[in-house]
Amino acid sequence: MEICKEAAVKGIGTPDREELALINALARRELGEDEVYTFALRLCDNDIDRDGERFDDGTLDALAPMFVGVSGVFDHQWSARGQTARIYRAGVVGGEGVLTADGRPYRYLKGWAYLMRTAENAALIAEIDGGIKREVSVGCAVDRVICSVCGQELDGCPHEKGEEYGGQVCCGVLTGAKDVYEWSFVAVPAQRRAGVIKSAGVRLEDEARLGRKYLKGLRSELVRLAGIAEPELGHGLLEKVAGKLDEEELAGLIKLYRGKADRLLAGGPQLSYGPERTAEEGSDGAFLI
């Protein structure tokens, strides 16, 4: 689609009077139009990205005003020396008939940013105009990541990102804008069209979700193995016990019960009769057990 070919950053140049008024609302002194360089960028969209996630439409709308005044950096390095530009206007734009990967109307969050025309920024301005600096990424936090299939919290439902269920591919829906930290020029973005990745709060949530899924897997494995080795304990009791154990305790018991389960499932006689007796032990030895 044509929209896929658009750069995430587009140079504009000199602002008009209305744009300059918005910029001066953020500046500490009145700036002239010849002092600033402006450009537009797509910050994030509602399409499924390379991480198997997408922003909810309502979240995009909520993020727009939060980005006004937010500064841009390079590669998410939070340093005052790395600040390059600042967003002075933002809004959600429709895709003009373009659809997302899963058939929804495409929408993206567009930002307008400015930087000072200084000798230090001359190279960056040239790279924006030349299409070298074009991919961007945002650092933000959201309230929840929910499953696109069932609508539950993704880390608590049975569905996996990227898997298909009844013709629908599961993805994580980033829901509820909490905070915006920065936007950044990057080399490889996650979102295919908007050139956006999520960092900071969202990345931490991803890590926490992976940890919870890991523990969930350990507990399921313990319940399965213990159920084979000691079926008399009952599934409900095993689940309750497993839910209270930490990673080290789970790993230890899994190792114990795996050995027991392997022996039971290995085949052969399930009753042990002791050492084999020989004929010399008595004439009726063949009948002894």
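Look up a bit, the structure's there.
Notes on the structure follow. Keep in mind it's a predicted model, so treat the numbers as computed, not measured.

1. Some thoughts on the overall build of the protein chain
Item 1. When helices and strands are counted, the protein chain shows six helices and 10 strands.
Item 2. By sequence separation, contacts in the protein chain at least 24 residues apart represent 71% of the contacts at least 6 residues apart.
Item 3. Counting only carbon and sulfur atoms, one obtains 52% of the accessible surface of the protein chain, whose full area is about 16,300 Å².

2. Focus on helix H6 (residues 247–265)
Residues lying three or four places apart along an α-helix face the same way, a consequence of the helix completing one turn every 3.6 residues.
Item 1. When the terminal C-alpha atoms of H6 are compared, their 26 Å separation across 19 residues agrees well with the 27 Å that a helix rising 1.5 Å per residue should span.
Item 2. Every buried residue belonging to H6 is among Leu250, Ile254, Tyr257 and Ala261, and all of these are buried. Projected down its long axis, H6 carries its buried residues within an arc of 90 degrees, all on one side. Structural note: H6 exposes Glu248, Lys255 and Arg263 on the side pointing more than 90 degrees away from its buried face.

3. What to know about helix H1 (residues 17–24)
Item 1. For H1, the full list of buried residues reads Glu19, Leu20, Ile23 and Asn24. All buried residues of H1 fall inside an arc of 135 degrees around its axis, so they share one side.
Item 2. The N-capping residue of H1, defined by a side-chain oxygen 3.2 Å from the backbone nitrogen of Glu18, is Asp16.

4. Comments concerning the packing of aromatic side chains
Item 1. The final tally for this structure, using the stated rule, is four aromatic pairs.
Item 2. Relative to Trp183, the ring of Phe39 lies with its centre 6.2 Å away and its plane at 65 degrees, an arrangement referred to as edge-to-face. Taken as a pair, Phe39 in strand S2 (residues 36–45) and Trp183 in strand S10 (residues 172–185) lie far apart in primary sequence, 144 residues in all.
Item 3. Assessed through its relative accessible area of 0%, Phe39 is described here as buried.
Item 4. Overall, Trp183 belongs to the buried group, its relative accessible area being 0%.
Item 5. Consider the rings of Tyr88 and Tyr114, whose centres lie 6.2 Å apart with planes at 55 degrees: the pair is tilted. Pair noted here: Tyr88 is in strand S5 (residues 85–99) and Tyr114 is in strand S6 (residues 105–116), with a separation of 26 residues, a long-range link. Each of the two residues, Tyr88 as well as Tyr114, counts as buried.
Item 6. By way of ring pairs, the aromatic residues Tyr37, Phe39 and Trp183 are connected into one cluster.

5. Quick word on the pattern of salt bridges
Item 1. Going through the model one piece at a time under the given rule, you end up with 12 salt bridges.
Item 2. Residues Glu127 and Lys133 are paired through a salt bridge, measuring 3.0 Å at the closest nitrogen-oxygen approach.
Item 3. Measuring nitrogen to oxygen at the nearest pair gives 3.8 Å for the salt bridge that ties Lys260 to Glu230. Of this pair, Lys260 sits in helix H6 while Glu230 sits in the loop between helix H4 (201–229) and helix H5 (235–242), and the two are 30 residues apart along the sequence.
Item 4. Accessibility expressed as a relative area gives 18% for Glu230, which makes it buried.
Item 5. Taken together, the salt bridges that share partners define one network made up of Arg54, Asp102 and Arg104.

What counts and how
- Residues numbered from 1 in each chain as written.
- Predicted model: local features only at pLDDT ≥ 70, side-chain atom pairs only at ≥ 80, totals over all residues.
- Heavy atoms only, no water.
- Helix = DSSP H or I, 4+ residues; strand = E, 2+ residues; numbered from the N terminus.
- Contact = heavy atoms within 4.5 Å.
- Areas by Shrake-Rupley, 256 points an atom, 1.4 Å probe, with all protein chains shown as cover.
- Expected span 1.5 Å × (residues − 1).
- Buried < 20%, exposed > 50% of the residue type's maximum accessible area, 1.4 Å probe, protein only.
- Arc of directions from axis to C-beta.
- Polar contact = N/O pair within 3.5 Å; in protein donor to acceptor, adjacent residues only side chain to side chain.
- Phe/Tyr/Trp six-rings, centres within 6.5 Å; stacked < 30°, edge-to-face > 60°.
- Salt bridge = Lys/Arg side-chain N within 4 Å of Asp/Glu carboxyl O.

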